[in-house]
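Chain residues, written in single-letter form:
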Amino acid sequence: MLTKRNVYVVVFVVSVIGLLVVQYQYLKVGLGLARVQFSKKIDEARSHINEELSEFNTLSYTLANAITKDTSEVRIGLDSLERASQFYLNDYISYQLGVSGIDAPFTYALYARDSTQYLSSQKPHVKGRDILTYPIKIEGYLPEHLQKEVILELGFEDINTYFYRQLNGLTIPGLLFLLAIIVVVFWVLRSFYWQSSIITTTNDFINNLTHELKTPVFSIGLASKILEDGLPEDKKPVLELIRRETDRLKQHIDKVLELASLESGKKLMQFTELDFRPELNRICEDFKMLAQYENTDFEYQLEEGPYHMRLEKFHLENAILNLLENAKKYSDDPKVRLKAHVHRRKLTIAISDNGQGISEKERKRIFRKYYRVQNGGLHKVKGHGIGLSYVQKIVRMHHGHIKVDSELGKGTTFTLSFNLTKNG
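On a predicted model such as this, the values are computed, not experimentally measured, just so you know. (Residues numbered from 1 in each chain as written. Predicted model: local features only at pLDDT ≥ 70, side-chain atom pairs only at ≥ 80, totals over all residues. Heavy atoms only, no water.)

Chemist: I would appreciate a short explanation of the packing of helix H7 (residues 276–293) against helix H8 (residues 313–329) in the present structure.
Modeler: For the pair H7 and H8, interaxial distance at closest approach is 11 Å and the crossing angle is 35 degrees. Taken as a pair, H7 and H8 cross one another with a handedness that is right-handed. Where H7 approaches H8, its residues Phe 276, Glu 279, Leu 280, Arg 282, Ile 283 and Phe 287 are matched on the opposing element by Lys 313, Leu 316, Glu 317, Ile 320, Leu 321, Leu 324, Glu 325 and Lys 328. Its residues assigned to classes, the contact of H7 with H8 shows 8 nonpolar, no polar and 6 charged. (Axes fitted to C-alpha atoms, helices over the stretch in contact; angles between N-to-C directions. Helix = DSSP H or I, 4+ residues; strand = E, 2+ residues; numbered from the N terminus. Left-handed = near helix turned anticlockwise from the far one by under 90°. Contact = heavy atoms within 4.5 Å. Nonpolar A, V, L, I, M, F, W, Y, C, P; charged D, E, K, R; others polar.)

Chemist: Got a minute to help me understand the side chain of Glu 317 in this structure?
Modeler: In this fold, Glu 317 is placed in helix H8. In terms of polar contacts, Glu 317 uses its side chain to reach the side chain of Arg 282, at 2.5 Å. (Polar contact = N/O pair within 3.5 Å; in protein donor to acceptor, adjacent residues only side chain to side chain.)

Chemist: I tried to follow the packing of H8 against helix H10 (residues 387–397) on my own but got confused; where do I start?
Modeler: Relative placement of two packed helices is described by the angle separating their axes and the distance separating the axes. The geometry of H8 relative to H10 is characterised by a closest axis approach of 9 Å and an angle of 140 degrees between their N-to-C directions. As far as their axial angle goes, H10 and H8 are oblique. In the crossing of H8 with H10, the sense of the turn from one axis to the other is left-handed. On H10, the residues touching His 315, Leu 316, Asn 318, Ala 319, Asn 322, Leu 323 and Asn 326 of H8 are Gly 387, Leu 388, Tyr 390, Val 391 and Ile 394. Residues belonging to the contact of H8 with H10 are distributed by class as follows: 7 nonpolar, 5 polar and no charged. (Parallel < 35°, antiparallel > 145°, perpendicular 65-115°, else oblique.)

Rendered as structure tokens:
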């Protein structure tokens, strides 16, 4: 079975191989275009060379004397004349190739149709499968003077190396960028798995710690029940305080365990389809009863009609209760309102308060795990910063959306929206 990590690795390897294949194909296309461009430049150079050698000029005259071994009109020996002609022709060919944009190393041979070789480059001019040759049929003065058909043949050895060098401006940067991408992706994946390992270790530590805490909490609860028998009346408020704080600590431990199990994927969500309106009404009634004892002004409005949804009842109720509790806590004189209505096959639940409000900067962070809104560097209300993270996770598991609107000093509204399975 493929894990997420293996999938990422496979996608990364396939992508790198794909980039290399694409790079290779581009290289082949580039080589093909380079060959075509090279042939056009050679044709241009051949035309200029033939045009120059077909006329009577210093170069063609010198070549004619060297070929016919005529030194009567020059004051140098035959060997010197041949070497001068060899270098003269070499420099001229090099110049014409340069004018046409070719700087590849070359060889040449000047010979007659009957295979009589007259002149050749200093480097031996040979023919082979890996050597590109371009013959130039010389017209005009030279063949007329020699009474033979004269051919000048240019040869380019190891031309592929020249083409690769021409493409280095594209190939090398492409390979460097590909290498940079590989290094960056490798570093990102390594960092991701390192952080994932730290998160897993942290979650395991929190789970183990909270499980260990449940034992003393249970023992404290049991001891408080034992102490209840025969306890004087003036001590019962203290016992009630112990019991209340024990229950509160137990709720916090359960909440941490619940969120950790959801994030690790170890807890399976049991979704069922039902009418959520009676459940939401019960939640509101229970909260209203508690609000009366805590000096909280709470009102709610539920639009008539069934709210048929596919939901996980326990967690969705906890998420709504969490928002109601937050609305009550973050205000000196709390006024909490809940409104629910159906529109276009969507159930919208809005929970608003008259608290201190949340700044725009803080609104972007409130759903982060363990993050808490600060007030002058202080946390006015005690907590762990996992409530809203839990709410967002539950809403997303129901394929819903959560939105927060707030104004400093006037209050905050959390809006939940869920798809209905039936239109009201």
